[in-house]
Amino acid sequence: MPDTQQRAFEFEAEARVSQSEPEPGSPVGVRFQEGQQRLFIGNVPLEQYLEHSGLKAVRALKQWLEQLDMRALERAYKPGGRPPLHPRLMLGLILYGIHLKQWSLRELEQLAIRDVGAWWLCGGLQPDHSTLGKFLVRHEKVLSDEFFVSATRQLAQQLGLKEGEAAADGTVIQAVAGLRSLAKKEVLEAEAREARQAAQAGEQQQVPRSEQAPLEKKAQQLEKAVEIATERAQERAERRQSAPQVSRQEPQAVNQPGKDGLYRLSYKPSVLVHSGGLIVGQAVDATSEVGVLPGLLQHSQQVGVVLQSLALDTGYFQLQVLQLAVELQLDVLCPPKHSPRNTEGVPVTRRKLFAKAAFRYDAQADCYWCPAGQKMEPGQWKVEADTKLRVRHYGTPACKGCPLRAQCTSSQSAPRKIGRYEGEELKEAMAQVLEHPQARKRYARRSPLVEPVFAELKERQGLKRFHRRGLRGARLEFSLHCLAFNLKRAGPAVVVLWLRCRSPAGAVLWLGLLAIAFF
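Since this is a predicted model, take the numbers as computed values, not measurements.

## Observations regarding unusual backbone geometry
Working step 1: Phi is positive for Lys101, close to 60°, though the residue is something other than glycine.
Working step 2: Inspection of the secondary structure assignment puts Lys101 in the loop between helix 4 (87–99) and helix 5 (105–114).

## Some thoughts on the pattern of salt bridges
Working step 1: All chains considered together, the criterion is met by 24 salt bridges.
Working step 2: The salt bridge involving Arg445 is made with Glu165; its shortest N-O contact spans 2.5 Å. Here Glu165 lies in strand 5 (residues 163–170) and Arg445 lies in the loop between helix 15 (437–443) and helix 16 (446–460), a separation of 280 residues in the sequence.
Working step 3: What emerges from the salt-bridge pattern is a single network uniting Glu47, Glu51, Lys56 and Arg59.

## A few points about the packing of aromatic side chains
Working step 1: Tallied over the full model, the rule gives five aromatic pairs.
Working step 2: Plain terms: the ring middles of Phe32 and Tyr77 are 5.3 Å apart, the flat faces sit at 90° to each other, and that makes the pair edge-to-face. Taken as a pair, Phe32 in strand 2 (residues 31–35) and Tyr77 in the loop between helix 3 (71–74) and helix 4 lie far apart in primary sequence, 45 residues in all.
Working step 3: Ring geometry for Tyr361 against Tyr394: centres 6.3 Å apart, planes inclined by 85°, an arrangement best described as edge-to-face. Highlighted residues: Tyr361 in strand 14 (residues 360–362) and Tyr394 in strand 18 (residues 390–395), separated in sequence by 33 residues.
Working step 4: Taken together, the aromatic side chains of Tyr361, Tyr368 and Tyr394 make up a single cluster linked through ring pairs.
Working step 5: Lying over the aromatic face of Tyr361, Arg420 brings its terminal NZ or CZ to 3.6 Å of the ring centre.

About the cut-offs
Residues numbered from 1 in each chain as written. Predicted model: local features only at pLDDT ≥ 70, side-chain atom pairs only at ≥ 80, totals over all residues. Heavy atoms only, no water. Helix = DSSP H or I, 4+ residues; strand = E, 2+ residues; numbered from the N terminus. Salt bridge = Lys/Arg side-chain N within 4 Å of Asp/Glu carboxyl O. Phe/Tyr/Trp six-rings, centres within 6.5 Å; stacked < 30°, edge-to-face > 60°. Lys NZ or Arg CZ within 6 Å of the ring centre and 35° of its normal.

Structure (structure tokens):
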């Protein structure tokens, strides 16, 4: 007789419980709930229903998750008590929701109730938003870094990715908090004092814990906002800029322009994409794409791929990036920022003044020649307060009576100065390299490699605004999106290889599937 135990959507039968392998030094493993092995829609097995309904990708996702090493997540649980839902089940539901652009906790809860693909991944179990939230909080640190690296490494090994070209880029993603939460440092300090006094008063009056916890949380949040506002005010003061406003609700987010030019509270995620199509490095920073580049390269090393070359856009054309490439002996292509030219063909700034590119450096004489033909002598070495780089400025006394002065500087009294940093010859060498046609041809492969990744993340996966607050929450969310992208990019090929490439014809199938996955 056919097995129809789950007929008519009956999920009440006892769920399967598994036991994890014990960690070294641990006497007993943890028991996990993994749901039903067989589910039915009417008399039709759910697996067969998915096959006939064109939902093979859901089956592939579950098979890939079963291959994945989950020990990094399993070791966060302790034996005893009610068996928790297996991390594989929870992660599968989250990644599935990301592919469907439904990854808020409430959306995932509803997905587990109504979606047949979610039934298959969860084995008929239906985790609610609270259970999902606790899972993400418990594994926040591991999912943000370690698990992404281990999962991508396993995927790269199964696909045979060892070396190749790579490209890095960043974007701007809106934070949860809005602009109305912004306030100046003085306002935040006053609100933080009031919140702390309210928290202390509640503690003295011994109010219930349910009432005291929000008071303490608000005080800590405002105190953190004051701390960040103080740090940013000091940094901007060194650059002679006005103090910034900071969000009360999400102080780590920064009010900065997005790709559309509109200012919003946001973060800057970055990715490192291998020529095989996988994201082999990912990171999120409040403001800097350049600052996370060493972390991206470290991710690629941990994943186990060797980068033969790295293509970067003009935003990375900075000394610290080129110095890092020299230190790592990495072949980098990174063009300088383009300067518009006036009617005479001289590079100018946005304000129509002579750009630095209009001044010619003479390495033998260690001087600059200005557009008027005057020699600019170097001054003393100094260390910049914000970048900590050594720099000296070149100038000439002939600037005062120069007929081109109005095209060179807007100052009525101070002469024009040109700063030259220690090691700036690296920038000049890179600019010369990119004048070669072959270098430009190689660099042209950067855009088709990395730009579609952000198009996929934003348009297909819906990552236009983070759902979790704070920098840590943004890092967790972005890591999960990158993992979902990698799975969609190469997961089905890996599953088929794992299931079928065990025959003499396996090598032929391997090459054919790689061709489908990557081309």
